[in-house]
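# Residue-level structural notes
Residue-level listing of the chains:
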Amino acid sequence: MKLVFIGPPGVGKGTYAKAVSEKFGIPHISTGDIFREEIKKGSELGKRVKEFLDKGLLVPDDIVIEVVKQRLSMDDCRKGFILDGFPRTLQQAEALEQFASPEWAFLFQARDETILERLGGRRVCPKCGAIYHIKYMPPKVPGICDKCGTPLIQRKDDTPEVIMERLKIYREQFTPIILFYKERGRLVEIDANEQADKVVPVVIERLRKLY
Ligand code: AP5
Ligand code: ZN
């Protein structure tokens, strides 16, 4: 099962990818999570990408492609993978074909106001990466991760200005990527306007039909 999950920021890619990863036992690889982890560690890579993430800009293709190539060469990816947030440019889509051609590209779409509300209410666990929403997916104890008890935080790029910048970049970059997979007959479109407990079963059902 080699999948890429694409779609605008905040549509729920990470949420659906985590659910599919648990269901089918294939790794969920989020380029955003990898970069945030490296920034937290203060690594060389983290220092190189920090400014891009803080401003909501795309990390240069050569850096992202190398990171994904290395991650996909690891043993746990032999059974498959779910790439979340990659590819984001046509160059990344073309590069990916060279080392791990995905079988299906799932495109998630939702209305702008839905996306803005999702990003505004998102809270994440800085320790285990669990994703919550203050209204739609609240933790049992407000502000505390259900899974590991860590206080939840708001992502640094979830401020109104950075959200607008991320959406603008998405709109500039995405048409060619969607066409890239559509022309190859590998695009699966999912309406993500509904709540996650409705969207996740739709994704799983589609996957069962495809595999
Ligand atoms: P990244 O981390 O990939 O951010 P993104 O694409 O902007 O996507 P998000 O993580 O914001 O949203 P999501 O769709 O995963 O939504 P989520 O499931 O959290 O990238 C961050 C940065 O890294 C980029 O800006 C760039 O700088 C860099 N980067 C990463 N990849 C790169 C690449 N390939 N090239 C260059 N640069 C790159 O859900 C959102 C909220 O909604 C949550 O609160 C959730 O609980 C809630 N929710 C989800 N689904 C539903 C639903 N159906 N109903 C109600 N609530 C829902
Ligand atoms: Zn946690």
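Residues numbered from 1 in each chain as written. Chains lettered and ligands numbered in written order. Predicted model: local features only at pLDDT ≥ 70, side-chain atom pairs only at ≥ 80, totals over all residues. Heavy atoms only, no water.

Looking at the metal site, the zinc ion (ligand 2) is ligated by Cys125 (SG), Cys128 (SG), Cys145 (SG) and Cys148 (SG), spaced 2.3 Å from it. With 4 donor atoms in place around the zinc ion (ligand 2) and angles of 98 to 120° between them, the coordination shape is tetrahedral. Mapped onto the sequence, the residues coordinating the zinc ion (ligand 2) show the spacing C-x2-C-x16-C-x2-C. In this pair, Cys128 sits in the loop between β5 (122–124) and β6 (131–133) while Cys145 sits in the loop between β6 and α7 (160–183), placing the two residues 17 residues apart along the sequence. With a relative accessible area of 38%, Cys128 lands in the partly exposed category. (Donors = N, O, S within 2.8 Å, 3.2 Å for Na, K, Ca; no water. Tetrahedral: all angles 85-135°; square planar, octahedral: opposite > 155°, others 65-115°. Helix = DSSP H or I, 4+ residues; strand = E, 2+ residues; numbered from the N terminus. Buried < 20%, exposed > 50% of the residue type's maximum accessible area, 1.4 Å probe, protein only.)

Before going further, it helps to examine the site of ligand 1. In the vicinity of ligand 1 lie 38 residues, with Thr15, Leu57, Arg88, Arg122 and Arg166 positioned nearest. Thr15 is positioned with one of its side-chain polar atoms (N or O) 2.6 Å from an oxygen atom of ligand 1. Contact between ligand 1 and Ala196: a nitrogen atom at 3.0 Å from a main-chain N or O atom of the residue. Bound to the protein, ligand 1 loses 98% of the 1000 Å² it would expose on its own. Among the elements of the structure, α1 (13–24), α2 (31–41), α3 (44–55), α6 (112–120), β6 and α8 (196–210) are those that each provide at least two residues to the shell around ligand 1. Residue classes in the shell around ligand 1 are distributed as 19 nonpolar, 10 polar and 9 charged. (Near = heavy atom within 4 Å. Polar contact = N/O pair within 3.5 Å; in protein donor to acceptor, adjacent residues only side chain to side chain. Areas by Shrake-Rupley, 256 points an atom, 1.4 Å probe, with all protein chains shown as cover. Nonpolar A, V, L, I, M, F, W, Y, C, P; charged D, E, K, R; others polar.)

Helix length check: α8 (15 residues) gives 21 Å between terminal C-alpha atoms against 21 Å at 1.5 Å per residue, within 8%. Among all positions in α8, only Ala196, Val199, Val200, Val203, Ile204 and Leu207 are buried. One face of α8 carries all of its buried residues, which in axial projection span an arc of 135°. In α8, the exposed positions angled more than 90 degrees off the buried face are occupied by Asp197, Lys198 and Lys209. Lining the buried residues of α8 we find β1 (2–6), α1, β4 (104–109) and β7 (187–191). (Expected span 1.5 Å × (residues − 1). Arc of directions from axis to C-beta. Contact = heavy atoms within 4.5 Å.)

A few words now on the sheet that holds β7. The sheet built from 5 strands is open, its strands ordered β2-β3-β1-β4-β7 with parallel pairing. Looking along the sheet, the strands with just one partner apiece sit at the ends: β2 (28–30) and β7. Strand-to-strand twist of the sheet, defined as the mean angle between neighbouring strand axes without regard to direction, takes the value 20°. As paired elements, β4 and β7 share 5 bridges and run parallel to each other. Looking across to β7, one finds that Leu107 is bridged to Glu189. Packing against the sheet, α1 makes contact with β1, β2, β3 (81–84) and β4, and its axis sits at approximately 170° to β3. (Pairing = 2+ DSSP bridges. Axes fitted to C-alpha atoms, helices over the stretch in contact; angles between N-to-C directions.)

The positions UniProt marks with the feature "binding site: Zn(2+)" (unreviewed entry) are Cys125, Cys128, Cys145 and Cys148. These annotated residues cover 24 residues of sequence, and their C-alpha atoms lie no more than 8.6 Å from one another, placing them together at a single site. By relative accessible area, which is 2% here, Cys145 ends up buried. Inspection of the secondary structure puts Cys148 in the loop between β6 and α7. Judged by relative accessible area, Cys148 falls into the partly exposed class, the value being 30%. When neighbours within four sequence positions are excluded, Cys148 is seen to be in contact with Cys125, Lys127 and Cys128. (UniProt positions renumbered as here; feature names shortened; annotations may be inferred.)

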